[in-house]
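Results of the structural survey
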Amino acid sequence: MEGQTPGSRDLPEKSHPAAAAATLSSMGAVFILMKSALGAGLLNFPWAFSKAGGVVPAFLVELVSLVFLVSGLVILGYAAAVSGQATYQGVVRGLCGPAIGKLCEACFLVNLLMISVAFLRVIGDQLEKLCDSLLSGTPPAPQPWYTDQRFTLPLLSALVILPLSAPREIAFQKYTSILGTLAACYLALVITVQYYLWPQGLVRESRPSLSPASWTSVFSVFPTICFGFQCHEAAVSIYCSMHKRSLPHWALVSVLSLLACCLIYSLTGVYGFLTFGTEVSADILMSYPGNDMVIIVARVLFAVSIVTVYPIVLFLGRSVMQDFWRRSCLRGWGPRALADPSGLWVRMPLTVLWVTVTLAMVLFMPDLSEIVSIIGGISSFFIFIFPGLCLICAMGIEPIGPRVKCCLEVWGVVSVLVGTFIFGQSTVAAVWEMF
């Protein structure tokens, strides 16, 4: 960048608190970013293509989204290097001030909590549909007690999710992220192959519409398509855990991750839409016969995929609580012996608390879909608004040429405005649908 000194191009001036834990390779960073983005939104993409009016308008929205999504990731890496902070909320607090930092922490915690609840709900639904498929050949009878979500979800949380969420560093998630990414790839592959094989019992629309009903319908799916790629909450933690923390290298990791996600999402969206047209279900797997063994395996692997991304979300939410714990101990509000929030005696209770709260919300508050959809608009803060604000504030710190500085500030303002529009649009749409 113009005006930078030779030593500033890799931005090594600030030492990160997590520098000692820089154990993450570039390939591991790619897989964690991909797994963070390949969440429950994968099932909704064919429906989003249908609502947008066809492949071409939906694909154009996807390409426009990618520009902002990649720039947001690069900005967050740059902001982490400038601020010297190792968490998303720490970067925002360090660059934008304590007031916006507190707003970021509150939005961050609520957003991640709702994402965790949504993930557990998706896992529970997939387990329930899996049990229905496996028991469909038996005579009609009450469902066995062991197929109830009130049994399967707590058991899965205790035996699988909790141990995967216990590690101190996010770098551990690279192993499960590889498994989760392959599981998501299987789903995309199944939908693609099913389109060409057209197995017996599959009913599809022969000539789906390929033009949008209106531009309003195109804009209405922008949040769905954009949030499908959402991995920005984890960007700072991943960047600060990498061996090589140069901005060009981080940009390459970001581009490769989102391009791979774009391929998986596009295959799922295009072939799911071409198979079922406007009759596609919001959950693409529900459009296929429930007794098809290929679909049953896809359902199992998709549940595995969501199980592997839940610990990443928990890690990020736990970091907010750990920051609060650290500040409380520094003010003398907590025991000095437990001042380190990453220690086992603080980390594990916070992990158990997070899993318990989200599990209780899923089991005892069944009608959370409207609340989740309304709060889902908060995601635009982490993809657009906070990165834009960080870029604008960072311009006052880094020595950059005036023309480049002006261009970057304009881009930061554009990001904030686009994020504000998406937040307003998605929130109003969610409230309208609820009423």
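These numbers were taken from a predicted model, which means no experiment stands behind them.

Here the focus is the pattern of salt bridges. Tallied over the entire structure, the rule returns five salt bridges. Here E105 ties to R93 by a salt bridge, and the two come within 3.5 Å at their closest N and O atoms. Placement of the pair is E105 in helix 5 (residues 98–134) and R93 in helix 4 (residues 88–96), with a sequence separation of 12 residues. Of the charged contacts in the structure, one is a salt bridge between K129 and D283, with a shortest N-O distance of 3.0 Å.

Attention shifts here to the nonpolar core. Ranked by internal contacts, the top residues of the largest apolar core, which has 123 residues, are Y88, F229, I238 and F382. With residues up to four places along the chain from it excluded, the contact list for Y88 reads L76, C104, F108, H232, E233, V236, F381, F382, F386 and P387.

Taken as a whole and judged by the stated rule, the model has 18 aromatic pairs. Centre to centre, the rings of F68 and W411 are 5.1 Å apart; their planes meet at 10°, and the pair counts as stacked. Of this pair, F68 sits in helix 3 (residues 55–83) while W411 sits in helix 16 (residues 402–434); the two residues are 343 residues apart in sequence, bridging distant segments of the chain. We classify W411 as partly exposed; its relative accessible area is 28%. Members of the aromatic cluster, joined through ring pairs, are Y88, F108, F381, F382, F386 and F423.

Now for helix 16. Since the α-helix advances by 3.6 residues per turn, residues separated by three or four positions end up pointing in the same direction. Under the 1.5 Å per step criterion, the end-to-end length of helix 16 is 48 Å for 33 residues, consistent within 8% with the ideal 48 Å. Considered for burial, the residues of helix 16 that qualify are G412, S415, V416, G419, I422, S426, T427 and A430.

Turning to the packing of helix 1 (residues 26–37) against helix 12 (residues 293–330), a few remarks are in order. Running from N to C, helix 1 and helix 12 cross one another at 110°; their axes reach a closest spacing of 9 Å. By the angle between their directions, the pair helix 1 and helix 12 is classed as roughly perpendicular. Of helix 12, the residues touching helix 1 (which contributes I32, K35 and S36) are S305, T308, V309 and I312. Of the residues that constitute the contact of helix 1 with helix 12, the class distribution is three nonpolar, three polar and one charged.

Criteria and thresholds
Residues numbered from 1 in each chain as written. Predicted model: local features only at pLDDT ≥ 70, side-chain atom pairs only at ≥ 80, totals over all residues. Heavy atoms only, no water. Salt bridge = Lys/Arg side-chain N within 4 Å of Asp/Glu carboxyl O. Helix = DSSP H or I, 4+ residues; strand = E, 2+ residues; numbered from the N terminus. Core = buried A, V, L, I, M, F, W, Y, C linked by side-chain atoms within 4.5 Å. Buried < 20%, exposed > 50% of the residue type's maximum accessible area, 1.4 Å probe, protein only. Contact = heavy atoms within 4.5 Å. Phe/Tyr/Trp six-rings, centres within 6.5 Å; stacked < 30°, edge-to-face > 60°. Expected span 1.5 Å × (residues − 1). Axes fitted to C-alpha atoms, helices over the stretch in contact; angles between N-to-C directions. Parallel < 35°, antiparallel > 145°, perpendicular 65-115°, else oblique. Nonpolar A, V, L, I, M, F, W, Y, C, P; charged D, E, K, R; others polar.

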